[in-house]
Amino acid sequence: MGPQGVGKGTQAARLAEVFGIVAISTGDIFRANIKGDTELGKTAKEYIDKGELVPDEITNAMVRDRLGEEDVKAGFLLDGYPRNAAQVAELDTALAGLGWELDGVIELTADRDVLMERLTKRAQDEGREDDTPEGIARRLDIYDTETAPLTAAYAERGLLAKVDGVGEIAEVTDRIVASLATQLG
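Computed from a prediction, not measured in an experiment: that's the story for all the values here.

A few words now on helix 3 (residues 39–49). Taken as a whole, helix 3 has its buried residues at Gly41, Ala44 and Ile48. Each buried residue of helix 3 sits inside an arc of 70° when the element is viewed along its axis, so together they form one side. Facing away from the buried side of helix 3 by more than 90 degrees, the exposed set consists of Glu39 and Glu46. Where the residues of helix 3 are buried, they touch helix 2 (26–35). The N-cap of helix 3, judged by a side-chain oxygen 2.9 Å from the amide nitrogen of glycine 41 a few residues on, is threonine 38. Remark: glycine 51 follows helix 3 within two positions and exhibits a positive phi of approximately 75°.

Written as C-alpha cells, this is what we have:
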C-alpha cells in the first residue's frame, strides 16, 4: 500500500522476484484492458482519463478473478489494492473463500512533494495521460482520505509493516525485506 508514485509497482516486481511469487497490479490489469480495448478497459479509461479511480465493483471483480488463477496459489503480492474499506472487506471475503488470509501489509511512505515530483517525471517519461498535475493531486487526496486510514486497521490486526519509500531502489527493497522478516517472523 502507499500513495501513487511511492514505488509500489517497482517494489512489487522486485519482491515478487525475491520471494518467487506473482505480483498482482490493478494498474497493470487496467492498462492491459485499455490497450486491448476491452469493455472493462473502455470503462476504466473513462475514469482514469478524468483523474478518478475506477469504481470498486469493477476493481473487485477483476481482483477476485485474478486470485482464482493457477499462478497465484504459490503466493502473491497485491500492488495498489485494497484502496478503501469496502475493498478490504471484499478482499477478506475473497481470501476466506479460497481458504487464505493475509500474511502482511507493506505501506510505503514518502512526502507529498516527492510524490508530485516522481509522478510528474513519470508523466513526461512514459507519456501517461492520467498524470496531469490536477489528476495527480486528486488521486493523492483520495489516497489520504480513503486508503491511508486502512493502514491503521491493518496495524490493529498486527499485519502492517511501514517502510520509507524514498532512496535507492535496492535500499528500499532491503528495508521492505527486513521489515517483513520482523513482521512475519
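Running from amino to carboxyl end, helix 2 crosses helix 4 (residues 56–67) at an angle of 100°, the nearest separation of the two axes being 11 Å. Between helix 2 and helix 4, the angle falls in the class roughly perpendicular. Along the contact surface, helix 2 presents Thr26, Ile29 and Phe30, while helix 4 presents Thr59, Met62, Val63 and Arg66.

What counts, and where the lines are drawn
Residues numbered from 1 in each chain as written. Predicted model: local features only at pLDDT ≥ 70, side-chain atom pairs only at ≥ 80, totals over all residues. Heavy atoms only, no water. Buried < 20%, exposed > 50% of the residue type's maximum accessible area, 1.4 Å probe, protein only. Helix = DSSP H or I, 4+ residues; strand = E, 2+ residues; numbered from the N terminus. Arc of directions from axis to C-beta. Contact = heavy atoms within 4.5 Å. Polar contact = N/O pair within 3.5 Å; in protein donor to acceptor, adjacent residues only side chain to side chain. Axes fitted to C-alpha atoms, helices over the stretch in contact; angles between N-to-C directions. Parallel < 35°, antiparallel > 145°, perpendicular 65-115°, else oblique.

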